[in-house]
Every structure is written in C-alpha cells, then in structure tokens.
Amino acid sequence: MQITLKCTVKVQSFSVQMTIYEEEKSRPEIIPLLKAIVEAEKEGKIPLTYMQDKLFPELPLTFIKNIMEELRLMGLVENGELTERGEITVESKEVMIPRTGPYRIDVVDDPLFERVIVNYDPLTPNLEEELLSKEKNNSRSIIIPDFILDTIDHKIETIEQFARKIEIKDIQENGYLNNKNYYLEFSLVYNNDFWDLKVRNKNYSTSIERPSLINESQIIETLLKKISSKADLNQFRIPVNPENLTATELVLFKKNYQLNNVSFDQLGEFNSVILKEIEIFPEDDSSATKWTEKLFLEHLSTYIVHHEFEKMWTDMIHEFPILGEFDIHSPSIGQLSQQITFGSAKYWFLKAPSDMELEEVVEK
Amino acid sequence: MIKPEEQIYTTKMNTLVPDHWRIRYEDVKIKHPHTKRIIPIGEGDDRFRSMLIIAIKEAKKTIMLSSFILSDNEIIEEILNAAKRQVRCYLLFSTEVQLSKDYKANRTDFDQKMLDTHKSMLDKLVGKALARTNDHLHAKFLLIDYNTPDQKGFVSTANFTKEALTRNQELGVVLIDHEIKEIFDFFRRGFWVESNQELIRKGSWDDVKTKIMNSIPKYSTIATTMKDITDLRLKINQIINEAKGSIIISSYGFAEKYQVIQTILNKAQTNEIIILSRCREKNHPTFNLLVKEGVKIFAFDYLHSKFILAPQDQLGIIMTANIEPRGLDTGYEIGVILTKDDIRELAEIASEWIKTAPYIYKRQTDIQKLSPGKILLIEGTKKLKKEIFSAYLIKEFEEKPNDLRNMYELLRNIPKYITEFTRGYSKTIECKRVIIPPTLPQGAVKVKAEDYWRKIKGKKTDKDAKLPNKFPIPVYTWKREFFGIIKSWKELENVKDHKELPSKIRFVTG
C-alpha cells in the first residue's frame, strides 16, 4: 500500500532584521582552541602562553592574541575565559557564530511544517540600503507575524542551502513582506510502514523533517473510511463490487484511489490524496462468485470442455486465497457464457465445445 | 439451242474431327420432376436455394454450414441476421489460398467477383460467427438447430453461391434425422480435426491445434472422405461393381488414370453406363477411354452434380466429390446413401437430364463417320461452335468462253479450286462452275455469203468461179468480226472446220 498526501504550501518571503547563531563548519580549529583555554584554566596557567606553548610554539604571542580576539568577537571567550556560549560549544562540539543583520527568510505557516523558516538568505550588509530600497519597492512593511517570532530560541536543523544549523536569537518585529511567493509541492508518502516526506519546488528543493504529528493508523483509517464505510480497518482493505474492476485489479486484488481535499487533525488539508495498491476484496458471497467468474474469463484463452471447466474453476479459487473466505457457487458453462459478448473469442471458447461435443476429443 | 452448263465437282474429305461435343439441342426446356427429397437445381429452378434460405431464417439455436466457398449474398445476409438473434453459426470453408489457386487458371471476371464476395463475407462474419478452414474442405451441407425437435439438414452438390444454386445442374438432398445425426458428427470432425485455422479475431486467420478423436466414425447413411478415411470411394466402387443393370454417373471432373475410372471402364464391358458431365477439355482423355468402351457421355454447360445411380439395382449415392483422387482419396467430402424412394426420384431427374442434355461426347473421328450437325469444340476456356456439313460448296464461279469450241473444251476439263474451309467440317467439298455460252453481240449484222466471198475473191465477178451463195450456218458480223450461230453441239461438230465459213469466225449461240 502506498499513500501519498499532497498539498501545495505557500511559502512567504520576508525581509527581517535578525540575530542568529549560525553553525560554523569551516573552522575546525576553534574547538581545540577552546579546549586549550579550559585546560589552561585547570592548570592555573595563562591561556595565552599556554596556547602558545601547546599549540603554536613557533608563532609569536601577537598571533595568539589575535586568535583570542577572534574568539571574543564570536562570543565564545571573554577576559581569557570561556563564555557560556563557549562552554556549550566545547560540550556540543558545534560552533555557532552569532550574526546580526538583514536576512530574507522563506517561511511556511502550516501544521505539517514544524520548522517555520524553510530557507534563509543573508542580505549583504554593504548593500543593505540598496537592497532594502529595492525590496521596499517589491515589499510592504508589516509587523512580523507571531508564528515567525515564535521561532526565536529554536534551533533549525539542516537547511540545505547552507547545510548548517541556525538558532534564531532575535527577529525584529518590523519587517517587510516580499510580494513574490513560492509554492512547495509537499508529498507525504507512506510506503508499507515507512513515511517519507518530499518537497518539490521549481526554484529549489529542500529537505524537511518528517512531521511528528503523523499518526499513521489514523491517517489510513480516515482515508479508508472515506473510500468505503465498510472498510476493513484491521486488514486495511476495501470491499468492492467486481463489476467495474479492471483485469489487473481483479487479478491482484488491489486498486488505486484518489481523494481530493482531505483534512486531518493537526495536519491540515491536503489537496489530493493518492492511495495505491489498496487491498480490495469481495463485498459478499455473490460478489465473490462474480469475481471468480471474471477471473475465470480473464484466464480463459482456449476451448475447454466440461471437466476442464470444473477443474479450472476450482484451481481459480485455490490460486486466490481471498476467494476461499467466501461461499462461491460454480456456474454452468451456459450461465457463464451469458456474461460474455456474443461472438467474441471467449464466447466461442465456452460454447463451441458444447455445441460440437468436444468432450471426447483429445488434443494433439 | 446451247444453254449455259452447270457443273459440280465433289471431293470427299478425310479430315479428322477432334474430340468434340455434338450439339443435340440449342434451346430445350428442362422439366424438373417435383420431388420431395432429392431436389434438382438448374435452369433457374431455385427451390433448393429457397429451402436453405428459409431454414437459416428460421434457425433458433445453431447453424452449421460447410462449403468450399460462400458468396450467395442472401444466404450471407440471413446468417448475419441469425447472428443478431444470437444463433450460433459455425462455418467451414476452404482457405482463401486454395480458393485463389482453384480459380486462378481459368479465372474470369465472374470468378473474381465470387472470390471477392467470399472474402468480404469473412470480414462481416468476424465477431458474429465462428469460421474455420483448411485447403481441402470441399463438402457442402447445412445443419440447422441440431439436436432439437426443429432440426433440419441439407446436403448439396452445389457450393453456396447464387449461380451454383440456380443455374448449374446440381442436386440438393433434404436430410432425415438419422442422416443429420451422422452428418453432425462429420461436421464436428471437420471442425475439430480437419481444420487448421480459424477466424476468431478480425483481420487474420489464427492457427488452431488439430485435435484427434479416439473413435472411428461408423456411418450407415453417409459415406465420407476424411483424414485416413476413404469410405466414399469404397462406396462408389461398391455400387459400380454390384450393379447388374445400367449405371448413371454424374460428375464435374473425371481424373485420368484413376482407380475408380478403371472400375467404370471394367464395368462398361458388361453394363450400360451413361455419364452426365460438363464440357471440359480436362475430362477428354478420360472420356475417350470411356467412349471407346461404349459409354455415352452427355453434358450441360454448367453441370456440377455428382452422383452414382444404378436404378434397377436400387443403388445410389449423391456426393460432393468428383471422380478424382482429390476428393475420394484425400479431402473432406460427403456422400448421402440413397434409399429406394430417393433412387426413384433421382432416376426421374437423371432421365430428364439425359433427355435434355444439349451435348453428347464424341472422340476424334474421321469426318466420314459423322453425321452432319452442330458441334462444340473446347480449347481451354474457349468454346467454339462449329458445324459438320455433308457437303459444302466452297466455290462457285462462272466461265464465259468467247467461242463455243472453247466451251466445249472447258466442259471436258475439271478445274482446280481452293479447299480452304473454316466454318466447320464437311464430308465433301463441292465446287460449282457455270459455263455460259457466248452469244451474238447486239448490233451484229447478218452477212450474205455472196457478198463475203466476192469481197474475199475480189470485186470482179468471175463467171467461172463458183461462189458459195450460202453459209452452212447464219453468219453475222460485228466490228469486223464474224460470228456463226450454232444451235447444237452436233451442228458445231459438223461445221467447225467447214471451209465455206469465214476463217476467223467465232461460234456463238443465237
């Protein structure tokens, strides 16, 4: 069974003044430097000289001072000691560098998206005025909505564009809503016990965490009930009348469905839901008999005599265990032939042996 | 008086007239007897065809039809109508390939039209009837609603084309229940065992697996040719051999050097045998052998029926096969063994056909042994009507001598003449000559003997010369020529050298 829940999510773009801590991945030396400071403190030594001795014996103290200054500007060190941020950095081994400035953020306000900010793009400070003035022409000044402000102090994992974590520390309330919006095609795919999230956008693709709000069983049950009030929720299958089934559906006992505008609690509304290979089964004994007849006719490819008919009928039921759950009555050849278009090949396969007494003939 | 003389010169011919058909009648009405079970076809008598059409119209459950070819539009239409009523139609035909071969050698526009109708019929039938085929399916019969109280059956020597069912000399047999049962078995063997292709999907013939049957057919009312079965030939031989009286055999084809023909030849030495056939060059070698043994062979332009009948012995069979290996040694053919009543009916029909058959076969013969009359020569597909004359005047001309003495010579001499003759054959060729005696020209003046002789001897009269004062015959002159009037050949004989006539005189009649 495969279920695809699709919706189109609007992505809005804002220009905001934001303070973030941004993961720094290109400076692997920072952690060892911070560790060196901690060790220096433990040993009661001066961090500068300790670092010079341990890490940079060939380099002058001025160099070490510059490093310490850099660490201070990063908010990791103050007065030769680690700040709280510095201690967290050593402990978590994540270097998060504070940055303040104008950013353009793409946001989604949808229950499926735990992460509100799906993408961010720093606006170059030197060109701030110029760009802001440009953006002003395409933007309108607004008070940043609460759902965006609520992201403050939340860490956002793995935004692909920069492949790094950020932590929002502050967003100014006044910002700009850009007119150009994006739409994400959002597909939540359930494929035999496994949920996968796919987001597609013509401008970029982004990876987003699977929503924790998903209750698989609830979703499947909701969907099956929408298809049929008699859905078997234990085995996740739908009873159907075989009359309008295709040959493939008859043989596989599976059918595809599509539902539109389906809402789920806490997940919101999905424009379209596609259910593939949903197990189907006969509604009742009569339906099961009809099903068997259709399968029989589907398999019928040559002339058959009476005893071959009976054997083929029995074999058909054995081949499809679901049919064994029902009380199926074998029709006569004449009854079965009435369901076939007069003059078609299958019609003759059934009638000719009877009309021309094929019973005793052995095939060469 | 000397009159014109007519002379006829006759030459006896020794021409060999090739194998031919003597034309007995050119326009004779056949009166078919009104029979119940053996139905004659031909000369527009379509009673049997009507029976077939009505039977198809009334069919409720099944139609089983076998024919070498089906191109009768009305029959086709009724089969399609039956299919609309959900009557299940099963059909056996010869393949298109075989049909094309058979009609190729002497194909006429008419034959092509028949083939085209057959092919278009097959297109119409897909999805409505089930057709099967093989090269050798030649039997012609129809079964309606088999195994129901309303069942009907017919065997035909005619293929199911309109021309065959109305124009040709053919036979139809209305079947009884026991025959229907046996023929049904024959049909189902044709369907499951003898066929190798079926038309179940539009556009093409699908190969089918030939099935085998465990049982050997044992028929009492019919005799058949099928795979490994040659009962029909055995039955034919049996009838011929057992007959003590006369035998009438009808067939479209008679194969040369064939075992059954030998049986007939042997029998011809003791029994009267009459054959009914069609004017067909291919049969001539066999006919020559038969005629030599005293067999009389009659023909129609469109005979196609096939039967063996020994009326005095109450033996007979009507079949769909010709007297040929293809049909009696191999093939798919059927023969209905006749009852006493059937034999009586068939004898009436055969008698009428023999009586009215337009042609009788003659081998190549010296023309002197033939009587005058019209004949038909067959050259491939061409039929040439010729005539045998007892005498034929091929040349007639006049001679007009300018002197009776020349006429006399002509009368004594036989002239040469051309003997070409294309209209036919003649036992004698004649040449007629009319000799017209010369006459005195108009305006001629009578001459006095004295005046003539005086002129000849000179102007001066010689008292001593005795001048003839009279010619022995009247003499005339015209344009300085002299003409003597002769009344009889005797007179001519007397005076032709007479000195008392002008030397340059022409003898004429008056």
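Let me begin by describing the structure that accompanies this report. Residues take numbers from 1 onward in each chain, read along the sequence in its written order. Key to labels: chains lettered from A, ligands numbered from 1, both in the order written. At least 70 in pLDDT is required for a residue's local features to be given in this predicted model, at least 80 for side-chain atom pairs to be given and counted, and no such filter applies to totals for whole chains, interfaces and linings, which use all residues. With hydrogens and water excluded, all non-hydrogen atoms of the structure serve as input to the side-chain values.

Another point: the overall build of chain B. A run of H or I in DSSP counts as a helix once it spans at least four residues, and a run of E counts as a strand once it spans at least two, with each numbered from the N terminus. For chain B, the count of helices and strands is 14 helices and 30 strands. Atoms considered for the radius of gyration are the C-alpha atoms alone. The globule rule reads 2.2 Å times the number of residues to the power 0.38. Scaling as 2.2 N^0.38, a compact globule of 510 residues should have a C-alpha radius of gyration of about 24 Å, whereas chain B reaches 38 Å, well beyond that. Its C-alpha atoms give chain B principal-axis dimensions of about 135 × 50 × 35 Å. Only protein chains enter the accessibility calculation, which uses a 1.4 Å probe. A residue is then buried if its area is under 20% of the maximum for its type, exposed if over 50%, and partly exposed in between. The buried share among the 510 residues of chain B stands at 54%. Residue pairs in contact within chain B that sit at least 24 positions apart in sequence constitute 76% of those at least 6 positions apart. Any pair of residues with heavy atoms lying within 4.5 Å of one another is described as a contacting pair.

This brings us to the sheet that holds strand β8 (residues 141–144) of chain B. All names here are of chain B. The strand order across the open sheet formed by 9 strands is β4-β10-β9-β8-β5-β6-β7-β11-β12, and the pairing between neighbours is mixed. Unpaired on one side and paired on the other, β4 (38–41) and β12 (204–207) mark the two borders of the sheet. Put simply, the sheet's adjacent strands are angled 20° from each other on average, direction ignored. Paired strands, in this sense, are two strands between which DSSP finds at least two bridges. Pairing between β8 and strand β9 (residues 152–156): 4 bridges, direction antiparallel. Across the sheet, residue I144 finds its bridge partner in β9, namely K152. Axes here refer to lines fitted to C-alpha atoms; in helices the fit is confined to the stretch in contact. Angles between the N-to-C directions go from 0 to 180 degrees. Its contacts with the sheet place helix α1 (residues 47–57) against β4, β5 (62–66), β8, β9 and β10 (170–174), and it is angled at close to 145° to β9. Its contacts with the sheet place helix α11 (residues 340–356) against β4 and β10, and it is angled at close to 20° to β4.

All names here are of chain A. Take F281: it is sitting in strand β13 (residues 268–282). As for F281 and V11, which are separated by 270 residues in sequence, their C-alpha atoms are 42 Å apart. Non-local contacts of F281, meaning those with residues more than four positions away in its chain, are made with D232, R237, I238, P239, V240, W291, I322 and F326.

Backbone geometry places K93 of chain A, a non-glycine residue, at a positive phi of 60°. Position of K93 of chain A among the secondary structure elements: in the loop between α4 (84–92) and β4 (96–108). Residue class for K93 of chain A comes out exposed when judged on its relative accessible area of 58%. The residue K257 of chain B is not glycine, and still its phi comes out positive at about 55°. Examined against the element boundaries, K257 of chain B turns out to sit in the loop between β16 (247–250) and α8 (259–268). Since its relative accessible area comes to 77%, K257 of chain B is described here as exposed.

Residue and element names in this part refer to chain B. Ordered in space as β27-β28-β29-β30, the 4 strands form an open sheet in which the pairing is mixed. Pairing within the sheet leaves two strands with one partner each, and these edge strands are β27 (445–446) and β30 (505–508). Both strand β29 (residues 481–485) and β30 contribute to a ladder of 4 bridges, which runs parallel. Note that in β30 the partner of I485 across the bridge is V508.

Now for the pairing of strand β3 (residues 20–23) of chain B. Residues and elements named next belong to chain B. Of the two faces of β3, the one lined by H20 and R22 and the one lined by W21 and I23 are each fully buried. In this sheet, strand β22 (residues 359–362) lies alongside β3 in antiparallel orientation, the contact comprising 4 bridges. Across the sheet, the residue bridging to W21 is Y361, located in β22.

Between chain B and chain A, the residue contacts involve 29 residues of the former and 19 residues of the latter. Throughout, buried area stands for the accessible area (probe radius 1.4 Å) lost by two parts on being put together, summed over both. Both sides of the chain B and chain A interface together cover about 2,200 Å² of buried area, and 59% of this is carbon and sulfur. Considering only the surface of chain B that becomes buried against chain A, R88, W192 and K211 of chain B emerge as the three largest contributors, covering 26% of it. Any Lys or Arg side-chain nitrogen located within 4 Å of an Asp or Glu carboxyl oxygen qualifies as a salt bridge. Seen at the junction of chain B and chain A, the total is 1 salt bridge. D355 of chain A is the partner of R88 of chain B in a salt bridge, and the nearest nitrogen-oxygen pair spans 2.5 Å. Contacts described as polar in this section are N or O atom pairs within 3.5 Å, which, within protein, must combine one atom able to donate a hydrogen with one able to accept it, while residues neighboring in sequence count only if both atoms come from side chains. Applying the counting rule to chain B against chain A returns 5 residue pairs in polar contact (both at pLDDT 80 or more). For the side of chain B that touches chain A, the elements supplying multiple residues, two or more each, are β5, β6 (88–94), β7 (130–134), α6 (177–194), β11 (197–201) and β13 (211–213) of chain B. In terms of residue count, the dominant contributor to the side of chain B that touches chain A is α6 of chain B (5 residues). By residue class, the composition of the side of chain B that touches chain A is 15 nonpolar, 6 polar and 8 charged. For this scheme, ten residues count as nonpolar: Ala, Val, Leu, Ile, Met, Phe, Trp, Tyr, Cys and Pro. Four count as charged, namely Asp, Glu, Lys and Arg, and the remainder, Gly too, count as polar.

A separate point is the packing of aromatic side chains. Only rings of Phe, Tyr and Trp enter the pairing, Trp through its six-membered ring, and a pair is recorded when the two centres are within 6.5 Å. The plane angle decides the type: under 30 degrees is stacked, over 60 is edge-to-face, the rest tilted. Throughout the structure, instances matching the rule amount to 30 aromatic pairs over all chains. Centroid distance Y303 of chain A to W192 of chain B: 5.2 Å. Interplanar angle 80°. Geometry classified as edge-to-face. Separated into two different chains, Y303 of chain A in the loop between α9 (285–299) and α10 (306–319) and W192 of chain B in helix α6 make up a pair that spans both. The pair Y303 of chain A / W192 of chain B is uniform in exposure class, with both members buried. Between Y146 of chain B and F184 of chain B, the ring centres sit 3.8 Å apart and the planes meet at 10°, which makes this aromatic pair stacked. Pair noted here: Y146 of chain B is in the loop between β8 and β9 and F184 of chain B is in helix α6, with a separation of 38 residues, a long-range link. Taking the relative accessible area as the measure of exposure, F184 of chain B reaches 2% and is therefore buried. The structure contains a cluster of three or more aromatic residues connected by ring pairs, namely Y303, F342, Y347, W348 and F349 of chain A together with Y90, F141, F186, F187, F191, W192 and Y332 of chain B. Over the ring of Y21 of chain A we find R85 of chain A; its NZ or CZ atom is 3.8 Å from the centre of that ring. When the NZ atom of lysine or the CZ atom of arginine is within 6 Å of a ring's centre and also within 35 degrees of its normal, the charge is said to sit over that ring.

All names here are of chain B. Of the pairings in the sheet, the one linking β27 to strand β28 (residues 475–478) comprises 2 bridges and is antiparallel in character. Bridging across to β28, K446 finds its partner in Y476. In terms of strand pairing, β28 meets β29 through 4 bridges, oriented antiparallel. For W478, the partnering residue across the bridge sits in β29 and is E481.

All names here are of chain B. Looking at the element boundaries, E6 is found in strand β1 (residues 5–12). Residues E6 and F397 lie 391 residues apart in sequence; the distance between their C-alpha atoms is 9.9 Å. When sequence neighbours within four positions are dropped, the list of residues in contact with E6 reads K432, R433 and V434. Of note is the side chain of E6, whose polar atom sits 3.5 Å from the side chain of K432.

A separate point is the pattern of salt bridges. Scanning the model with the defined rule gives 34 salt bridges over all chains in all. In this structure, D497 of chain B engages K496 of chain B in a salt bridge whose closest nitrogen and oxygen atoms are separated by 3.5 Å. The class for K496 of chain B is partly exposed, based on a relative accessible area of 29%. Bridged by salt links that share partners, the residues E22, E24 and R99 of chain A form one connected network.

Turning our attention to helix α3 (residues 61–73) of chain A. Residue and element names in this part refer to chain A. Every helix has an expected span of 1.5 Å times one less than the residues it contains. Helix length check: α3 (13 residues) gives 18 Å between terminal C-alpha atoms against 18 Å at 1.5 Å per residue, within 8%. Among all positions in α3, only I64, I67, M68 and L71 are buried. When α3 is viewed along its axis, its buried side chains cluster within an angular range of 100° and face the same direction. In α3, the exposed positions that point more than 90 degrees away from the buried face belong to T62 and L73. Tucked into the core, α3 has its buried residues touching α1 (30–42), α2 (47–54) and β2 (77–78). Two residues or fewer after α3 comes G75, characterised by a positive phi angle close to 80°. The arc in question is the one spanned by the directions pointing from the helix axis to the C-beta atoms.

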